[in-house]
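A structural walkthrough
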Amino acid sequence: MTRSELKETIQADSRFWMEFSKKDHIKMFLTRDHFYLIRKYMKFLRKEEYYRALSQKGRVGAKLLELLYATRKNRLGNCLGFYIQPFSIGKGTVIFHHGSIIINGNASIGEYCRLHGNNCIGNNGSSPDSPQIGDNVEIGYGAVVIGNVKIANDVKIGAGAVVVKDCLVEGATLVGVPAKMI
């Protein structure tokens, strides 16, 4: 990841928040609104990823900055209820609500996905294999994706759905427990 890629990723992550007026941004900052805190969390996550990539290339001081941003991200994540491993989500991902969001470090979420809160994306407990989710996927409130599952691009996963099987049909909608395509 280069500096320009970091900037591009942070801008992509912030695209949703740009719909708010400057007055709204000031109010969110002053009141420490969850939108402000989520945006801050995402910046810390991206900077942790950037400095981790640099430290793996042997850059002096990058490991210290990686630890600094990881600490900030984790401290804020504890308040928001987030546990997201570096390099597990693509650019442009939007998280709409604070509350439990757990993403396994082996999971892969594509670009421009939307998480509505109270989501778990991880392994099934008996295998380390985790979900591989495509681009532009919307995951509703309380939805869970577990196991060695592949989800195609542009899929919508309904609120409260539990996805345990692959969905390779682009643009599909999954609902229910266990989730089925409708």
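Worth saying up front: this structure is predicted, and the values here are computed from it rather than measured.

Positive charge collects at one region of the surface, where R32, K40, R72 and R75 lie side by side. Counting through the fold element by element, K40 comes out in helix α3 (residues 34-56).

What follows is about a nonpolar patch on the surface. Taken together, I26, F29 and L30 make up a surface patch of nonpolar side chains, about 300 Å² in accessible area. As for its position among the elements, F29 is in helix α2 (residues 22-31). Among the residues examined, F29 registers a relative accessible area of 37% and is labelled partly exposed.

Okay, the pairing of strand β6 (residues 119-122) next. As defined by bridge partners, strand β3 (residues 101-103) adjoins β6 across three bridges and the pair is classed as parallel. Each bridged residue has a counterpart across the sheet, and for I102 the counterpart in β6 is C120. Here β6 runs beside strand β9 (residues 144-146); their pairing, made up of three bridges, is parallel. Its bridge partner being in β9, G122 is matched across the sheet by I146.

Running from amino to carboxyl end, α3 crosses helix α4 (residues 62-80) at an angle of 155°, the nearest separation of the two axes being 8 Å. Here α4 runs roughly antiparallel to α3, going by the angle between their axes. Like other packed secondary-structure pairs, α3 and α4 cross with a definite hand, here left-handed. Contacts between α3 and α4 involve L37, I38, K40, Y41, F44, L45, K47, E48, Y51, R52, L54 and S55 from the former and A62, K63, L65, E66, Y69, A70, R72, K73, L76, G77 and L80 from the latter. Split by residue class, the contact of α3 with α4 holds 13 nonpolar, two polar and eight charged.

Attention now moves to the environment of L64. Relative to the elements of secondary structure, L64 occurs in helix α4. Measuring from C-alpha to C-alpha, the distance between L64 and Y51 comes to 8.5 Å, with 13 residues separating the pair along the chain.

Take the nonpolar core next. By size, the foremost hydrophobic cluster in this structure holds 47 residues, and its most contacted members are I103, I121, I151 and I157. Listed by contribution, the elements that provide at least two residues to this core are α1 (3-13), α3, α4, β1 (82-84), β2 (94-95) and β3. For this core, the leading source of residues is α3, giving 10 residues. Ignoring sequence-local partners within four residues, the contact set of I121 consists of I102, I103, N104, A107, I109, L115, P131, I133, I139 and V145.

A few words on the sheet that holds strand β4 (residues 108-109). As summarised here, the arrangement of the three strands in space is β4-β7-β10, forming an open sheet in which the pairing is parallel. The open sheet has two edge strands with one neighbour each: β4 and β10 (150-151).

Attention shifts here to the sheet that holds β2. Pairing within the open sheet is mixed, and its six strands lie in the order β2-β5-β8-β11-β13-β14. The open sheet terminates on both sides in strands that have one partner only, identified here as β2 and β14 (180-181). As paired elements, β2 and strand β5 (residues 114-115) share two bridges and run parallel to each other. The residue of β5 that forms the bridge with V94 is R114.

Reading the values: rules and limits
Residues numbered from 1 in each chain as written. Predicted model: local features only at pLDDT ≥ 70, side-chain atom pairs only at ≥ 80, totals over all residues. Heavy atoms only, no water. Patch = residues over 30% accessible without salt bridge, like charges linked within 9 Å, V, L, I, M, F, W, Y side chains within 5 Å. Areas by Shrake-Rupley, 256 points an atom, 1.4 Å probe, with all protein chains shown as cover. Salt bridge = Lys/Arg side-chain N within 4 Å of Asp/Glu carboxyl O. Lys, Arg positive; Asp, Glu negative; His and termini not counted. Charge placed at Lys NZ, Arg CZ, Asp CG, Glu CD. Helix = DSSP H or I, 4+ residues; strand = E, 2+ residues; numbered from the N terminus. Buried < 20%, exposed > 50% of the residue type's maximum accessible area, 1.4 Å probe, protein only. Pairing = 2+ DSSP bridges. Axes fitted to C-alpha atoms, helices over the stretch in contact; angles between N-to-C directions. Parallel < 35°, antiparallel > 145°, perpendicular 65-115°, else oblique. Left-handed = near helix turned anticlockwise from the far one by under 90°. Contact = heavy atoms within 4.5 Å. Nonpolar A, V, L, I, M, F, W, Y, C, P; charged D, E, K, R; others polar. Core = buried A, V, L, I, M, F, W, Y, C linked by side-chain atoms within 4.5 Å.

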